[in-house]
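The chain contents come next:
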Amino acid sequence: MTTPESAEPAEPAEPTEPAEPAASAELGGSDDVRGPGGLSERDRAVLAVERRGWPGPGAKERAIREQLGISPTRYYQLLGALLDDPRAAEHDPVTVNRLRRIRAAKREHREG
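Computed from a predicted model, the values in this text were never measured in an experiment. (Residues numbered from 1 in each chain as written. Predicted model: local features only at pLDDT ≥ 70, side-chain atom pairs only at ≥ 80, totals over all residues. Heavy atoms only, no water.)

Asker: For the side chain of Thr95, give the residues involved together with the corresponding values.
Answerer: With respect to the element layout, Thr95 can be found in helix α5 (residues 93–111). Given the relative accessible area of 4%, Thr95 is considered buried. Residue contacts for Thr95: discarding those within four places in its chain leaves Leu47, Glu50 and Arg51. (Helix = DSSP H or I, 4+ residues; strand = E, 2+ residues; numbered from the N terminus. Buried < 20%, exposed > 50% of the residue type's maximum accessible area, 1.4 Å probe, protein only. Contact = heavy atoms within 4.5 Å.)

In structure tokens:
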């Protein structure tokens, strides 16, 4: 048994998952940085935020501000444009198609 005085400091644990692109500080100005599939880093981060489950709107809005560095209003503008972008559907078809169905149902309900 080792005593605390003789124990070597533990190495920091390796992260089990790579950091989300949304965590990077340069997201605000990376609109023109295109990755695989032609989506910008910010576009991929917006889809990643939307893919997550959220306990309520407050937590999601806070995450949008903290992780993406944009207002929720701007986030939803970007998300709406992404839903019409075929590159977004290629990148994350499950999320994009789910959101397209929700958007279509809301339109149908509004238009009666």
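Still to come is the rest of the account.
Asker: Summarise the packing of helix α2 (residues 57–68) against helix α3 (residues 72–83); cite the residues concerned and give the values.
Answerer: At a minimum axis distance of 9 Å, the contact between α2 and α3 shows a crossing angle of 85 degrees. Considering their axes alone, α2 and α3 lie roughly perpendicular with respect to each other. In this structure, α2 uses Lys60, Glu61, Ile64, Arg65 and Leu68 to contact α3, whose residues at the interface are Pro72, Tyr75 and Tyr76. Residues of the contact of α2 with α3, tallied by class, amount to five nonpolar, no polar and three charged. (Axes fitted to C-alpha atoms, helices over the stretch in contact; angles between N-to-C directions. Parallel < 35°, antiparallel > 145°, perpendicular 65-115°, else oblique. Nonpolar A, V, L, I, M, F, W, Y, C, P; charged D, E, K, R; others polar.)

Asker: I'd like a rundown of the packing of α3 against α5, residues and numbers included.
Answerer: Interaxial distance between α3 and α5 falls to 10 Å at its minimum, and their mutual angle equals 100 degrees. Judged on the interaxial angle alone, α5 and α3 are roughly perpendicular. Of the residues in α5, those touching α3 at Leu79, Gly80 and Leu83 are Val96, Leu99, Arg100 and Arg103. When its residues are assigned to classes, the contact of α3 with α5 shows four nonpolar, one polar and two charged.

Asker: Residues and numbers for the packing of aromatic side chains, please.
Answerer: Taken as a whole, this structure holds one aromatic pair when the rule is applied. Plain terms: the ring middles of Tyr75 and Tyr76 are 4.9 Å apart, the flat faces sit at 85 degrees to each other, and that makes the pair edge-to-face. Tyr75 sits in the buried class, given a relative accessible area of 0%. The ring of Trp54 has Arg52 sitting right over it, with the charged end atom 4.0 Å from the ring centre. (Phe/Tyr/Trp six-rings, centres within 6.5 Å; stacked < 30°, edge-to-face > 60°. Lys NZ or Arg CZ within 6 Å of the ring centre and 35° of its normal.)

Asker: Before we move on, could you go through the confidence of the model for the protein chain and cite the residues and values that matter?
Answerer: In the predicted model, the protein chain carries a mean pLDDT of 78, and 67% of its residues have values of at least 70. Element-level pLDDT for the protein chain is lowest in α2, with a mean of 94, against a maximum mean of 97 in α3. Here residues 2–30 is a poorly scored stretch, pLDDT under 50, and it has 20 contacts once near neighbours within four places are set aside; other chains count. (pLDDT = per-residue confidence, 0-100.)

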